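Chain and residue survey
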There are 2 protein chains.
Amino acid sequence: MLSQQQVPGAVENILRDFVAATAPSLDEISPVVAEAGAALAEFVLTGGKRLRPLFVHAGWQCAATGPEATATEALALRVGGAIELIQACALVHDDILDRSDTRRGRPTVHRRFSALHRDQRWTGDSAHHGASVAILLGDLALAWADDLVHGLAPTATNTEDETAPTPLPPAAGTLWARMRTEVLGGQLLDITNEASADETVDAAYRVMKYKTAAYTVARPLQIGAALGGGSAALSESLWRIGSDLGLAFQLRDDLLGVFGDPEQTGKPSGDDLVTGKRTVLVAQALADSDAPTADTLRGLLGRPLSADELVTARGILIDSGALTSVEGQIDAHLQTALGEIDALATSVGAREDLTALAYRIAHRQK
Amino acid sequence: MLSQQQVPGAVENILRDFVAATAPSLDEISPVVAEAGAALAEFVLTGGKRLRPLFVHAGWQCAATGPEATATEALALRVGGAIELIQACALVHDDILDRSDTRRGRPTVHRRFSALHRDQRWTGDSAHHGASVAILLGDLALAWADDLVHGLAPTATNTEDETAPTPLPPAAGTLWARMRTEVLGGQLLDITNEASADETVDAAYRVMKYKTAAYTVARPLQIGAALGGGSAALSESLWRIGSDLGLAFQLRDDLLGVFGDPEQTGKPSGDDLVTGKRTVLVAQALADSDAPTADTLRGLLGRPLSADELVTARGILIDSGALTSVEGQIDAHLQTALGEIDALATSVGAREDLTALAYRIAHRQK
């Protein structure tokens, strides 16, 4: 069994093999398609903390306590890799929706292809071209996620004898289906709340529940357990644990998005304020401030901020009690999850590993 | 065994059941998400000629000649329904890329949600909101395609005992993977050719090969045959037949896009000229006209046209010999395919049905 430290590397090996297998079919179409595919492959291979694969593996570890368990660990890593491809689609498409220029300190995919269009002095609108390429590359990542989760690949041959890939157990397949609908549904709710200026704490929590908590923690844990042959009772416990940890994860993200160190987060200082993100932190401050203060805060959302304005906005988030409240909510979700983890009927090692992940995502600095 | 006439209805029943099964999980997230999902469901259920499912079924019929065949017909219909969900994603996303206002005589999905944004007097940019919703609904259709093809659904429960859905045979899975990468790769090539103003006949043919021929006819036929347990030799024959028929289909589409009757096609007269689509028809006319005439034609592409200008453009396409040439190419591809169909080692009924489909797509009026 792999240790937590070994999981990201193992998942990256799977992703490296998968994108290498897709390359000939893209090359065959055209060099420009191969280049676009290489940009997607680079995006997939260089990014992220691989949190979702870690939760799939942790869920699998909770279930796979018998001696026959090692047979399904490879499947857990494969599914972890597939979720990273969904995440690639989500990030590439979200960056179009949010009009983001940079991600992980580099140009976003749509900006990269807008720049190519400009540099080549092609005809038409560079921004529209960049967005169009990014829509298609996100689609490709989403299609590849399903190929990988089912053990398929768009290989260049199609008539040879083939052996059947290991199928997903039915319970894992249903959770996989739900997870994708939930993250897309949560994102639809997010942009609709933003458009309709719904600034309530309730609305922000509902988006977190589906867009983040289910997708990032709860469903990956449950899928992992299903791959390891876990019981329905274990799945229900992991759903509750994952929902609490996922909320703690997003609430921490909201704090880092306003108070985080740009050196650590890779995002500009106060980025969530500048982009006007609807977070529980901001919703809480708006709800708990007097009307003039709330109006001042509203005026500091969704536009570039001077250093002084950023200090003012942060001051309101602190003085309203929102910062303290969100820290308290993170701690409450973490404690609830830790209590459930302690009560899990699994190995000591599985409980320890899940506990370590719980502290990590609730108290991370980046 | 279903007749060709029964296939579209059977596929629509599968799609109706599938989208009904997704509804509770969208309702649970929020009423606004349920509404967006209902818009997607309506788009999927009201549209199209169901050509791709017809080719899956025809390919299956070529392979499934034994008495045990009926067991796999349900699988062929399921896969046909799944391709219609891919098609929904392709159309919704293409309409963003092409900035199309109408589809099948109704507002496109992104326009529909732009209008909602405007009508509700929401904050932000209505056009960007509409495109954002359409990106996410296309993603949802693509995710659902993979759920359906593997017999999964994002149902509202996740801990009950479940039975395993019928898996795809390995060869069908690999073809499914290839097909999705090919259509997206072909579309990437198409927008890049458009941006780089590559107006050669070669470039237009290469886009047709992957974006249309493989995706619309050749891979569906092969997938169907794989579902019916067909041989590698049958698969290779169907690849060749499908490639010829797919090219004939797209070349006919190009003619209808310029010369078609709006009453029949549901698109404005001369729509492909107005949108500046890179077709073989136009590429051929540009290649075969003298320089001033070619420049005149170029000046009539990619912008609204008066009735007189449309007459001028059509005149150039006719006088250059491009119309006659494309009709000749359609016929040549059709004849090649018909010869191969006659030589197929399958039942008389399967050959007759495939022949009927071949004539239908090569000579359709809409």
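The shown structure was predicted, so the numbers you read here are calculated from the model rather than taken from an experiment.

**Focus on the overall build of chain A**
The number of helices and strands found in chain A is 16 helices and 2 strands. Radius of gyration (C-alpha) of chain A: 21 Å, near the 21 Å computed for a compact globule of 366 residues. Once the C-alpha set of chain A is aligned to its principal axes, its extents read approximately 70 × 60 × 35 Å. For chain A, the residues scored as buried account for 57% of the 366 residues in total. Within chain A, counting contacts between residues at least 6 apart in sequence, those at least 24 apart form 76% of the total. Within the structure as shown, chain A displays about 13,800 Å² of accessible surface, and the carbon and sulfur contribution to it stands at 52%. Put simply, chain A has 31 plus and 47 minus side-chain charges, and the middle of one group is 2 Å from the middle of the other.

**Overview of the relation of the copies chain A and chain B**
Superposing chain A onto chain B takes a rotation of 180 degrees combined with a translation of 0.0 Å along the rotation axis, leaving an RMSD of 0.0 Å. Read as a symmetry element, the transformation amounts to a two-fold axis. In this assembly, 100% of the residues forming the interface of chain A have copies in chain B that are likewise at the interface, indicating an isologous arrangement.

**Re the interface of chain A and chain B**
Taken together, the contact between chain A and chain B spans 71 residues of the former and 71 residues of the latter. Approximately 6,300 Å² of surface area, both sides summed, lies buried where chain A meets chain B, with 67% of it carried by carbon and sulfur atoms. The closest approach of N and O atoms between Asp125 of chain B and Arg99 of chain A, which form a salt bridge, is 3.3 Å. Put simply, chain A and chain B have 22 residue pairs in polar contact (both at pLDDT 80 or more) between them. Counting residues per element, the ones that place at least two in the side of chain A that touches chain B are helix H1 (7–29), helix H2 (31–46), helix H4 (70–97), helix H6 (126–149), helix H7 (170–195), helix H8 (201–227) and helix H9 (232–259) of chain A. Tallying contributions element by element places H7 of chain A first for the side of chain A that touches chain B, with 20 residues. Partitioning the side of chain A that touches chain B into residue classes produces 33 nonpolar, 24 polar and 14 charged.

**Re the environment of Ala58 of chain B**
Residue and element names in this part refer to chain B. Summarising the element assignment, Ala58 is placed in helix H3 (residues 51–63). In sequence terms Ala58 and Val19 are 39 residues apart; their C-alpha atoms lie 25 Å from each other. The contacts of Ala58, once residues within four sequence positions are left out, are Leu221, Leu354 and Leu357.

**Notes on the packing of aromatic side chains**
Residue and element names in this part refer to chain A. If you walk through the whole model with that rule in mind, you get 2 aromatic pairs over all chains. With 5.9 Å between their ring centres and 75 degrees between their planes, Phe18 and Trp144 make a pair best called edge-to-face. Of this pair, Phe18 sits in helix H1 while Trp144 sits in helix H6; the two residues are 126 residues apart in sequence, bridging distant segments of the chain. Like Phe18, the residue Trp144 is buried in the burial classification. Directly above the ring of Phe43 sits Arg104, whose terminal nitrogen or CZ lies 4.9 Å from the centroid.

**A closer look at the domain arrangement of chain A**
Residues and elements named next belong to chain A. Assigned domains of chain A: these are domain 1 (1–163) and domain 2 (168–366). On a C-alpha basis, the centres of domain 1 and domain 2 stand 24 Å from each other. Contacts between the two partners involve 31 residues from domain 1 and, on the opposite side, 38 residues from domain 2. Summed over both sides, the interface between domain 1 and domain 2 buries roughly 2,900 Å², with carbon and sulfur atoms accounting for 69% of that surface. A per-residue breakdown of the area domain 1 buries against domain 2 is headed by Gln4, Phe55 and Cys62, which together make up 23% of the total. Taken together, the connections running from domain 1 to domain 2 amount to 8 residue pairs in polar contact (both at pLDDT 80 or more).

**Observations concerning helix H15 (residues 322–342) of chain B**
Residues and elements named next belong to chain B. Spanning 21 residues, H15 covers 30 Å between terminal C-alpha atoms, matching the ideal 30 Å at 1.5 Å per step. Those residues of H15 not exposed but buried are Ala322, Val326, Gln329, Ile330, His333, Leu334, Ala337, Leu338 and Ile341. In a view along the axis of H15, the buried residues occupy a sector of 165 degrees, so they form one face of it. Those residues of H15 that are exposed and aimed more than 90 degrees away from the buried face are Thr324 and Asp342. Contact partners of the buried residues in H15: helix H8 (201–227), helix H9 (232–259), helix H12 (280–288), helix H14 (307–319) and helix H16 (348–362).

**Observations concerning unusual backbone geometry**
All names here are of chain A. Even without glycine at this site, Arg104 takes up a positive phi of about 50 degrees. Within the secondary structure layout, Arg104 lies in the loop between strand S1 (102–103) and strand S2 (106–107). The partly exposed category is assigned to Arg104, whose relative accessible area is 40%. Positive phi, close to 55 degrees, is recorded for Ala197, a residue that is not glycine. Relative to the helices and strands, Ala197 is located in the loop between H7 and H8. The class of Ala197 is partly exposed, set by a relative accessible area of 35%.

**So, the pattern of salt bridges**
Scanning all chains against the criterion turns up 42 salt bridges over all chains. A salt bridge links Arg111 of chain B to Asp101 of chain B; its shortest N-O distance comes to 2.3 Å. Taken together, the positions of Arg111 of chain B in helix H5 (residues 109–119) and Asp101 of chain B in the loop between helix H4 (70–97) and strand S1 (102–103) put the pair 10 residues apart, joining distant regions of the chain. Judged by relative accessible area, which is 44%, Asp101 of chain B ranks as partly exposed. The network of salt bridges with common partners includes Glu28 of chain A together with Arg178, Glu182 and Arg219 of chain B.

**A word on the state of the cysteines**
All chains considered together, the criterion is met by 0 disulfides over all chains. Between Cys89 of chain A, a cysteine without a disulfide, and Cys89 of chain B, which holds the nearest cysteine sulfur, the sulfur-to-sulfur distance is 9.0 Å. Judged by its relative accessible area of 4%, Cys89 of chain A falls in the buried class.

**Focus on the packing of H8 of chain B against H9 of chain B**
Residues and elements named next belong to chain B. Axis separation between H8 and H9 bottoms out at 7 Å; the angle between their running directions is 135 degrees. Here H9 runs oblique to H8, going by the angle between their axes. As H8 packs across H9, the resulting crossing turns out to be right-handed. Among the residues forming the contact of H8 with H9, the class breakdown is 16 nonpolar, 8 polar and 3 charged.

**Points about the packing of helix H2 (residues 31–46) of chain B against H5 of chain B**
Residue and element names in this part refer to chain B. Running from N to C, H2 and H5 point in directions that differ by 150 degrees, and their axes come no closer than 12 Å. Crossing hand, H2 versus H5: right-handed. Listed contacts from H5 to Ala36, Ala39, Glu42 and Phe43 of H2 are Val109, Arg112 and Phe113. A breakdown of the residues in the contact of H2 with H5 according to their chemical character gives 5 nonpolar, no polar and 2 charged.

**Regarding H2 of chain A**
For H2 of chain A, spanning 16 residues, the distance from its first C-alpha to its last is 22 Å, which sits close to the expected 22 Å at 1.5 Å a residue. Residues of H2 of chain A that are buried: Val33, Ala34, Ala36, Gly37, Ala39, Leu40, Ala41, Phe43 and Val44 of chain A. Packed against the buried residues of H2 of chain A are H1, H4, S1, helix H5 (109–119) and H6 of chain A together with helix H7 (170–195) of chain B. For H2 of chain A, the N-terminal cap is Ser30 of chain A; the gap from its side-chain oxygen to the backbone nitrogen of Val32 of chain A is 3.1 Å. Just past H2 of chain A, the residue Gly48 of chain A takes up positive phi, approximately 85 degrees.

Reading the values: rules and limits
Residues numbered from 1 in each chain as written. Chains lettered and ligands numbered in written order. Predicted model: local features only at pLDDT ≥ 70, side-chain atom pairs only at ≥ 80, totals over all residues. Heavy atoms only, no water. Helix = DSSP H or I, 4+ residues; strand = E, 2+ residues; numbered from the N terminus. Rg over C-alpha atoms; globule rule 2.2 N^0.38 Å. Buried < 20%, exposed > 50% of the residue type's maximum accessible area, 1.4 Å probe, protein only. Contact = heavy atoms within 4.5 Å. Areas by Shrake-Rupley, 256 points an atom, 1.4 Å probe, with all protein chains shown as cover. Lys, Arg positive; Asp, Glu negative; His and termini not counted. Charge placed at Lys NZ, Arg CZ, Asp CG, Glu CD. Least-squares fit on C-alpha atoms with pLDDT ≥ 70 in both. Buried area = accessible area lost by both parts, 1.4 Å probe. Salt bridge = Lys/Arg side-chain N within 4 Å of Asp/Glu carboxyl O. Polar contact = N/O pair within 3.5 Å; in protein donor to acceptor, adjacent residues only side chain to side chain. Nonpolar A, V, L, I, M, F, W, Y, C, P; charged D, E, K, R; others polar. Phe/Tyr/Trp six-rings, centres within 6.5 Å; stacked < 30°, edge-to-face > 60°. Lys NZ or Arg CZ within 6 Å of the ring centre and 35° of its normal. Domains from an automatic or database assignment. Expected span 1.5 Å × (residues − 1). Arc of directions from axis to C-beta. Disulfide = S-S within 2.5 Å. Axes fitted to C-alpha atoms, helices over the stretch in contact; angles between N-to-C directions. Parallel < 35°, antiparallel > 145°, perpendicular 65-115°, else oblique. Left-handed = near helix turned anticlockwise from the far one by under 90°.

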